Amino acid sequence: MTVDHLNTLLLESAVILLFAVVAVRISTRSGLPSLLIYLGIGVALGQNGIGISFNNAELTQVLGYAALVVILAEGGLKTSWQAIRPVVPAAAVLATVGVAVSVFVTAAGAHWLVGLEWRTALLLGAIVSSTDAAAVFSVLRMVPLPKRLTGLLEAESGFNDAPVVILVVAFATAGELDPWYVLVGTIVVELAIGAAVGWTVGRLGAYAVRRVALPSSGLYPIAVLALIVLAYAGGALLHASGFLAAYIASVILGNSKLPHGPAVRGFADGLAWIGQIGMFVVLGLLVTPASMGAAVVPGLVAGAVLVFLARPASVLVSLTAFRVPWREQALLSWAGLRGAVPIVLATIPLVSGATDAQQLFNVVFILVVVFTLLQGPTLPMVARWLRIGEGDLGTDLGIESAPLEKLHGHLLSVQLAPGSRMSGVEVSELRLPKGAAVTLVVREGSSFVPDRITVLREGDELLVVTTDEVSEAAERRLRAVDQGGKLAGWLHTDERSPSISRKKTR
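Figured I'd write up the structure that's included with this text. Since this is a predicted model, take the numbers as computed values, not measurements.

**Re empty space enclosed by the protein**
Here's step 1: Across all of its chains, the model carries two cavities of 30 Å³ or more by this definition.
Here's step 2: In this structure, the largest cavity spans a volume of roughly 50 Å³.
Here's step 3: Forming the walls of the largest cavity are Leu-94, Gly-98, Val-99, Ser-102, Ser-129, Glu-156, Arg-311, Ser-314 and Arg-338.
Here's step 4: If you list the elements that add at least two residues to the lining of the largest cavity, you get helix H5 (88-114) and helix H14 (296-319).
Here's step 5: Of all the elements, H5 adds the most residues to the lining of the largest cavity, at four residues.

Below, the structure is given as structure tokens:
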């Protein structure tokens, strides 16, 4: 590659990225999932569009795996452990037993209704049985579901990639299939080792990041993402589930009160968007629409079996023992969104040379596009119809914590978002614990030192200095006032950390 080639590539990449950024705005207004727009960009650039020739399934698989690691990292870093902890057992069952039910019901439908040979039908069932983390995380940002359901969907989408990848590789490999008990044993062992690797890297990494004073705040996001990639690579090289290792490590790191946490999450968020855009565009390039006519009917039939039979059956079998109400089970059934993950997994048979691999890829592509169009935009409507939701999404308080190591303290930067109930509260009414104080208020570009009767307003940014001993109590108190106003605590307001959208302090 010459410099001229590089310049042309950078120009084309910048135009695609800018168009994709605008597409996010369009998708938000229209309800159309952004992943379909990115796929459309790839298809438009491909052989039946502008004419770019691309048929490297192996490169697509490699890039897809790399993007999935980053997407899982971003999702894990933003996942509140307090939100998902009560539902982890249910999510684990849904991601394992539920996946098995979904695979066999979908395979049975593909065999009897579409006419696929049993092994190919099982391979199709495995490919499409994983919910997509990128699709689920993006939709959950717009649908005001109860925290219990949000946590369950987040945890399931983070967990279920691991067993599905194992099944797809097993079904796509040439030769006789291993007995079912060998497959189950392999899945259990690989998940256990992957979980152990992720837990170890997450705990040790959090310990190190909290105690090593790096010379620049920009190094913290790099260190955290490197730890998550280390967990994935370590798990994969041990022939375990690298995806599960990456997700667990990211959840632990995201809930460990790391320095410059909002900067870490913002960095991961940007990388995840780039990963999604790049992955979908490349997948679109790999598609040849002119050759997909024969896959339309099988894709629609298999998709109908998956959405209307397999997913509800997997939810029913997995969650009935946890006494999940039927309304919530119905919503969880409809919220099992597919996205890039099945299409990436469909490249595994292409690379391994499995029977009917190209036809299988086309069927999966049709299924994902059609049923994402059906489920994504209608999920808010289904939630309202089932009377499940918590009203409008509130804007959470943005807090960034920076350590003051020599002073044994912390500096909290607090941003009062629109709708914050802290607006109108006097500084003295915050009732911060002894050892914490509001030292500065920044309002409309000007800063001043507040007194006890200073009234806070929307848009204010507060600098709160605390000692080590009371930093967590001060943060909990600030969040409680943000949710409940000046009477928080007296009215039994929950002071536990909610799901928070943090904002980087400049």
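**Points about a nonpolar patch on the surface**
Here's step 1: Taken together, Trp-180, Tyr-181, Val-182, Val-184 and Val-188 make up a surface patch of nonpolar side chains, about 540 Å² in accessible area.
Here's step 2: Take Val-182: it is sitting in helix H10 (residues 180-211).

**Here's the deal with the pattern of salt bridges**
Here's step 1: Per the stated rule, a full pass over the model turns up seven salt bridges.
Here's step 2: Where Lys-78 meets Glu-74, a salt bridge forms, and the shortest distance between an N and an O atom there is 3.2 Å.
Here's step 3: Judged by relative accessible area, which is 35%, Lys-78 ranks as partly exposed.
Here's step 4: For Glu-74, a relative accessible area of 3% gives the class buried.
Here's step 5: The structure contains a network of salt bridges with shared partners spanning Glu-74, Lys-78 and Asp-269.

**Considering the packing of H5 against helix H9 (residues 161-172)**
Here's step 1: Where H5 meets H9, the axes come as close as 10 Å, and the angle between the chain directions of the two elements is 40°. The orientation of H5 relative to H9 falls into the category oblique. Between H5 and H9, the residues in contact are Ala-95, Val-99 and Val-103 and Pro-163, Val-164, Leu-167 and Phe-171, respectively.
Here's step 2: Taken together, the residues of the contact of H5 with H9 break down into seven nonpolar, no polar and no charged.

**Regarding the nonpolar core**
Here's step 1: The biggest cluster of nonpolar side chains holds 122 residues, and the ones touching the most others in it are Ile-127, Met-279 and Leu-331.
Here's step 2: Counting residues per element, this core draws most heavily on helix H18 (residues 357-385), at twelve residues.
Here's step 3: For Ile-127, the residues in contact, after removing those within four places along its chain, are Val-168, Pro-342, Leu-345, Ala-346, Pro-349, Leu-360 and Val-364.
Here's step 4: Listed in part, the 19 residues of the second largest apolar core include Leu-412, Ala-436, Val-441 and Ala-474.

**Observations concerning the packing of aromatic side chains**
Pairs of aromatic rings are described using the distance from one ring centre to the other and the angle between the two planes.
Here's step 1: Under the defined criterion, the tally for this structure stands at seven aromatic pairs.
Here's step 2: Aromatic side chains Phe-308 and Trp-334 sit 6.0 Å apart centroid to centroid with 45° between the ring planes, which places their arrangement in the tilted category. One end of the pair, Phe-308, is in helix H14; the other, Trp-334, is in helix H15 (residues 326-334), with 26 residues separating them in the sequence.
Here's step 3: A connected cluster of aromatic rings, assembled from ring pairs, spans Tyr-65, Tyr-232 and Phe-243.

**Looking at the side chain of Arg-443**
Here's step 1: With respect to the secondary-structure elements, Arg-443 resides in strand S3 (residues 436-443).
Here's step 2: Taking the relative accessible area as the measure of exposure, Arg-443 reaches 15% and is therefore buried.
Here's step 3: A polar atom in the side chain of Arg-443 sits 2.8 Å from the backbone oxygen of Val-455.
Here's step 4: Excluding residues within four positions of it along the chain, Arg-443 makes contact with Phe-448, Val-455, Leu-456, Arg-457 and Asp-460.

**Some points on the side chain of Asp-161**
Here's step 1: The residue Asp-161 is located in helix H9 in this model.
Here's step 2: Arg-338 provides the closest opposite charge to the buried, salt-bridge-free Asp-161, at an N-O distance of 9.4 Å.
Here's step 3: Once residues lying within four places of it in the same chain are set aside, the contact partners of Asp-161 are Leu-72, Ser-130, Thr-131 and Val-341.

**Looking at unusual backbone geometry**
Here's step 1: Residue His-260 is not a glycine yet carries a positive backbone phi of 55°.
Here's step 2: A positive phi angle, close to 50°, is found at Glu-444, a residue other than glycine.
Here's step 3: Among the secondary structure elements, Glu-444 is positioned in the loop between S3 and strand S4 (446-448).
Here's step 4: What makes Glu-444 exposed here is its relative accessible area of 77%.

**Re the pairing of strand S5 (residues 461-467)**
Here's step 1: In terms of strand pairing, strand S2 (residues 409-415) meets S5 through seven bridges, oriented antiparallel. Residue pairing for S5: Val-414 is matched across the bridge by Leu-462.
Here's step 2: In the sheet, S3 pairs with S5 via six bridges, with the strands oriented antiparallel. Bridging across to S5, Ala-437 finds its partner in Val-465.

**With respect to the environment of Gly-158**
Here's step 1: Mapping Gly-158 onto the fold places it in helix H8 (residues 147-159).
Here's step 2: Exposure remark for Gly-158: the relative accessible area of 2% places this residue in the buried category.
Here's step 3: Here the alpha-carbon distance between Gly-158 and Asp-132, two residues 26 residues apart in the chain, equals 8.5 Å.
Here's step 4: Not counting residues up to four positions away in its chain, the partners in contact with Gly-158 are Leu-72 and Tyr-247.

Cut-offs applied
For every chain, the first residue of the written sequence is number 1, and numbering continues from 1 onward in sequence order. Restriction of local features to residues with pLDDT of at least 70 applies here, the model being predicted, together with a cutoff of 80 or more for giving and counting side-chain atom pairs; totals for whole chains, interfaces and linings are based on all residues. Water and hydrogen atoms play no part in the side-chain values, which are based on all heavy atoms of the structure. Only protein atoms enter the 1 Å grid used here, on which a cavity is any set of points holding a 1.4 Å probe that cannot leave and a pocket is any open set flanked by protein within 12 Å on both sides along at least five of seven lines; residues with an atom within 4 Å of a point are listed as lining. Grid points are joined across faces, edges and corners, and a volume is the space filled by probe spheres set on the points. Put simply, DSSP marks the helices as runs of H or I at least four residues long and the strands as runs of E at least two long, and each gets a number from the N terminus on. Grouping into patches uses exposed residues only, defined as over 30% relative accessible area, and leaves out salt-bridged ones; the cut-off is 9 Å for like charges and 5 Å for nonpolar side chains (Val, Leu, Ile, Met, Phe, Trp, Tyr). Note that accessible areas follow from Shrake-Rupley with a 1.4 Å probe, and for residues the cover is restricted to the protein chains shown. When a carboxyl oxygen of Asp or Glu is within 4 Å of a side-chain nitrogen of Lys or Arg, the pair counts as a salt bridge. Throughout this description, buried means an accessible area under 20% of the type-specific maximum (1.4 Å probe, protein chains only), exposed means over 50%, and partly exposed covers the range between. Geometry is summarised by axes, namely lines fitted to C-alpha atoms with helices restricted to the contacting stretch, and by angles between N-to-C directions that run from 0 to 180 degrees. Under this scheme an angle from 65 to 115 degrees is roughly perpendicular, one under 35 degrees roughly parallel, and one over 145 degrees roughly antiparallel; angles in between are oblique. In this description, contact between two residues means that some pair of their heavy atoms is separated by no more than 4.5 Å. The classification used treats Ala, Val, Leu, Ile, Met, Phe, Trp, Tyr, Cys and Pro as nonpolar, Asp, Glu, Lys and Arg as charged, and all other residues, Gly among them, as polar. Buried Ala, Val, Leu, Ile, Met, Phe, Trp, Tyr and Cys residues form a nonpolar core when they are joined through side-chain atoms within 4.5 Å. Aromatic rings from Phe, Tyr and Trp, taking only the six-membered ring of Trp, are treated as a pair when their centres fall within 6.5 Å; an angle between ring planes under 30 degrees marks them as stacked, one over 60 as edge-to-face, and anything in between as tilted. Here a polar contact is recorded for every N or O atom pair within 3.5 Å, except that within protein the pair must consist of a potential hydrogen donor and a potential acceptor, and residues adjacent in sequence are included only if both atoms are side-chain atoms. A positive count includes Lys and Arg, and a negative count includes Asp and Glu. His and the chain ends are not counted in either. The pairing criterion is simple: DSSP has to find at least two bridges between the two strands.

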